[in-house]
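Chain residues, written in single-letter form:
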Amino acid sequence: MSDLRVRFAPSPTGYLHVGGARTALFNWLLARQQGGTFILRIEDTDVERSTSESVDAILEGMKWLGLDWDEGPFYQSESFPLYKEYVRKLLEAGKAYKCYCTAEELDAKRNLAMQEGRKPKYDGTCRERADQPDGQPYVVRFRAPQGGVTSFNDLIKGTITFPNEELDDLIIQRTDGTPTYNFCVVIDDATMRITTVIRGDDHVNNTPRQVQLYEALGFPVPQFAHVPMILGSDKARLSKRHGATSVIAYRDMGYLPEALMNYLVRLGWSSGDDEIFSREEMIQKFDICNVGRSASVFNTEKLNWLNAHYIKNSEPERLAALLQPHLAARGVSTLGGPDLAAVVKTLQERAQTLEEMAERAVFYYNAPVNYDDAALAKFDKELLAEVFAKVTEKLSGSATNSIPEIDALFKEICSENGWKMGQVGQPVRIALSGGTQAPGIGEIVMTLGAEETIRRIQKAREFVSGK
RNA sequence: GUCCCCUUCGUCUAGCCCGGCCCAGGACACCGCCCUUUCACGGCGGCGACACCGGUUCAAAUCCGGUAGGGGACGCCA
């Protein structure tokens, strides 16, 4: 057990998106690798926007990915007294002060500053104010250092320095007495003894103010690692308009959790030329220092490739269980049909997602009601009738206990009648599946069983002769 | 506008800290060939990048300076 303590701190205002998942993953990886502690904290100080549905959705996403946490979930909304206490301390020490400016006044000043091309920051009206108007609403502001610079060493980006002049006196407590984000994070990270803060790099600008707070409060400053954002194909911050961003949506689209994990860990991080990482390998090889400094574009094609890889290498039984809901969603019942695991075996090599696999599995359970006319039209009507007849005859009189055995039967049919495999295989494929894109004939016949195969060929035969 | 950060094939990246092994390697995608009863899988090959300009050096993707472009932050949101 090391004393490394990291945390993932999402705000419950939506589902767990891929960006958040990657941040959580990096934290988790480091904790697991070093025997540290991974803490889950829900940042719900914004009572207006936080919902318990979001909390559930986030937990569901993390569980699906297998990102288990050691402590928490802690809710900031339950620590309000703690934050209040520290606000009081700061106030007493003169490191914070009450500000009576109204939100409207501040808005006006901010807009004016923007218009005049100045940095919109608090002008310090109440900083040296001596009077304390009774009963007047006020916010508490942190008395930030005025000169000099604040810098910190980022594990990913290196040393980052901000002139203190750029930072104004931030509000740490609102008029209604609730604490604000930048203040809560510091108190929480400090009291939870977080040693390394790994978060999205949209927080880089918050970091110097937080460092100042740590110092004012007398807390040790943790290490920081700001991971770059994930962009959409147009290089803009990834959002819904780029498609799915929720990890649960990826589950529903038929992605395997290990595929998404593998994709996410390689987005912005690498270990030589390796592409495939099992859970154990990523834990072993991950190094926060190897995370790139620039943002990366989310690429579904590569995710698909990874997903296909994991589908190919998964146990058919496991896949069958995961596939079931996708079939059910299509109104397909597997009752009375072939064993789903057997079906999966024939589809594993050809599907990128479980959705795709489900689509391709339908014909096993629902015999085709119509056929690919264009494909059928490539064959002579008489030939089709003859092929169907010979195949039926052969199948009913022979053993069909293995794929090689069945393949051999079809070869025999070809040689006995002087046909090419394409003349036999394709029509049979159409008869059995309705179309031309399907597993090998041997695989289908084996999975469907001779009886059902003959039934379907019979049906196709009638269809063809009726035309 | 101000501040902070970033910049290698279309995309993810290796190399950059510790200049020469890099006329830049791998992967996804794409294209072609092979395998093949379809669709896939697989195998082989191809296309394709150091943002730009200066400087330092015998030598720069790698060091220095500038320019351009992109992103982020500037809330009583987190």
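Worth saying up front: this structure is predicted, and the values here are computed from it rather than measured.

Concerning the layout of surface pockets
Consideration 1: By volume, the largest pocket is sized at about 1000 Å³.
Consideration 2: Along the walls of the largest pocket sit 35 residues, with Ser11, His17, Gly20, Asp202 and Arg237 positioned nearest its centre.
Consideration 3: At the level of secondary structure, the elements contributing two or more residues to the lining of the largest pocket comprise β1 (5-8), α1 (18-34) and β9 (196-200).
Consideration 4: The element that contributes the greatest number of residues to the lining of the largest pocket is α1, accounting for six residues.
Consideration 5: The calculated volume of the second largest pocket comes to roughly 630 Å³.
Consideration 6: Lining the second largest pocket are 27 residues, and of these Arg110, Pro120, Lys121, Tyr122 and Asp168 sit closest to its centre.
Consideration 7: Looking at the lining of the second largest pocket, the elements with two or more residues in it are α4 (103-115) and β5 (139-142).
Consideration 8: The biggest single contributor to the lining of the second largest pocket is α4, with seven residues.
Consideration 9: When its residues are assigned to classes, the lining of the second largest pocket shows twelve nonpolar, three polar and twelve charged.

Regarding the sheet that holds β1
Sheet strands associate in pairs through backbone hydrogen bonding, adopting either a parallel or an antiparallel arrangement.
Consideration 1: Ordered by their spatial adjacency, three strands build an open sheet running β1-β2-β3, and the pairing between neighbours is parallel. Two strands in the sheet have a free side with no partner beyond their single neighbour: β1 and β3 (71-75). On average, each strand axis in the sheet is tilted by 25° relative to the strand beside it, whichever way the strands run.
Consideration 2: Relative to strand β2 (residues 37-42), β1 is paired through four bridges, and the arrangement is parallel. Looking across to β2, one finds that Val6 is bridged to Phe38.
Consideration 3: Docked against the sheet, helix α2 (residues 52-65) engages β1, β2 and β3, running at close to 155° with respect to β2.

Some details on the environment of Ala93
Consideration 1: Assignment of secondary structure puts Ala93 in the loop between α3 (80-92) and β4 (96-99).
Consideration 2: Sequence separation between Ala93 and Arg350 is 257 residues; the distance between their C-alpha atoms is 68 Å.

Description of the pattern of salt bridges
Consideration 1: A complete count under the given rule lists 33 salt bridges for this structure.
Consideration 2: Linking Arg209 and Asp168 is a salt bridge whose minimum nitrogen-to-oxygen distance equals 2.5 Å. Placement of the pair is Arg209 in helix α6 (residues 207-217) and Asp168 in the loop between β7 (158-163) and β8 (171-173), with a sequence separation of 41 residues. There is no split in this pair, since Arg209 and Asp168 are both buried.

Observations regarding the pairing of β5
The side chains of a regular strand alternate between both faces of the sheet.
Consideration 1: Alternating residues of β5 divide into Val139 and Arg141 and Val140 and Phe142, and every residue in both groups is buried.
Consideration 2: The sheet contact formed by β4 and β5 spans four bridges and is antiparallel. Across the sheet, residue Ala96 finds its bridge partner in β5, namely Phe142.
Consideration 3: Where β5 and β8 come together, two bridges link them in antiparallel fashion. In the strand pairing of β8, Arg141 is matched with Ile171.

Overview of the domain arrangement of chain A
Consideration 1: Here the domain parsing of chain A yields domain 1 (1-69 + 228-313), domain 2 (81-173), domain 3 (314-366) and domain 4 (373-465).
Consideration 2: Measuring from the centre of the C-alpha atoms in domain 2 to the corresponding centre in domain 4 gives 79 Å.

Regarding unusual backbone geometry
Most peptide bonds adopt trans geometry, and most residues besides glycine take a negative phi value.
Consideration 1: For the bond from Gly72 to Pro73, the omega torsion is 5°, close enough to zero to count as cis.
Consideration 2: Looking at where Pro73 falls in the secondary structure, it is placed in strand β3.
Consideration 3: Positive phi, close to 55°, is recorded for Arg193, a residue that is not glycine.
Consideration 4: Relative accessible area serves as the criterion here: at 54%, Arg193 is assigned to the exposed category.
Consideration 5: Residues other than glycine seldom take positive phi values, yet Lys235 does so here, at roughly 70°.

Some words on helix α5 (residues 181-191)
Consideration 1: With nine of eleven residues buried, α5 lies mostly within the body of the structure.
Consideration 2: Those residues of α5 not exposed but buried are Asn182, Phe183, Cys184, Val185, Val186, Ile187, Asp188, Asp189 and Ala190.
Consideration 3: Its buried side turned inward, α5 meets β1, β2, α3, β8, β9 and α6.
Consideration 4: Phi turns positive, to about 55°, at Arg193, one or two residues after α5.

Quick notes on the pairing of β7
Consideration 1: In the sheet, strand β6 (residues 149-154) pairs with β7 via six bridges, with the strands oriented antiparallel. Across the sheet, residue Asn153 finds its bridge partner in β7, namely Thr159.

Some remarks on the environment of Glu60
Consideration 1: Relative to the assigned elements, Glu60 resides in helix α2.
Consideration 2: Excluding residues that lie within four positions of it along the chain, Glu60 makes contacts with Ile248 and Arg251.

Some details on the confidence of the model for chain A
Consideration 1: On average, residues of chain A score 92 in pLDDT, and 99% of them reach the 70 mark or higher.
Consideration 2: The ipTM, which scores confidence in the relative placement of chains, is 0.94 for this predicted complex, and the corresponding pTM is 0.93.

Scoring rules and cut-offs
- Residues numbered from 1 in each chain as written.
- Chains lettered and ligands numbered in written order.
- Predicted model: local features only at pLDDT ≥ 70, side-chain atom pairs only at ≥ 80, totals over all residues.
- Heavy atoms only, no water.
- 1 Å grid on protein atoms, 1.4 Å probe; cavity = no way out; pocket = protein on both sides within 12 Å on 5 of 7 lines; lining within 4 Å.
- Points joined across faces, edges and corners; volume = space filled by probe spheres on them.
- Helix = DSSP H or I, 4+ residues; strand = E, 2+ residues; numbered from the N terminus.
- Nonpolar A, V, L, I, M, F, W, Y, C, P; charged D, E, K, R; others polar.
- Pairing = 2+ DSSP bridges.
- Axes fitted to C-alpha atoms, helices over the stretch in contact; angles between N-to-C directions.
- Contact = heavy atoms within 4.5 Å.
- Salt bridge = Lys/Arg side-chain N within 4 Å of Asp/Glu carboxyl O.
- Buried < 20%, exposed > 50% of the residue type's maximum accessible area, 1.4 Å probe, protein only.
- Domains from an automatic or database assignment.
- pLDDT = per-residue confidence, 0-100.

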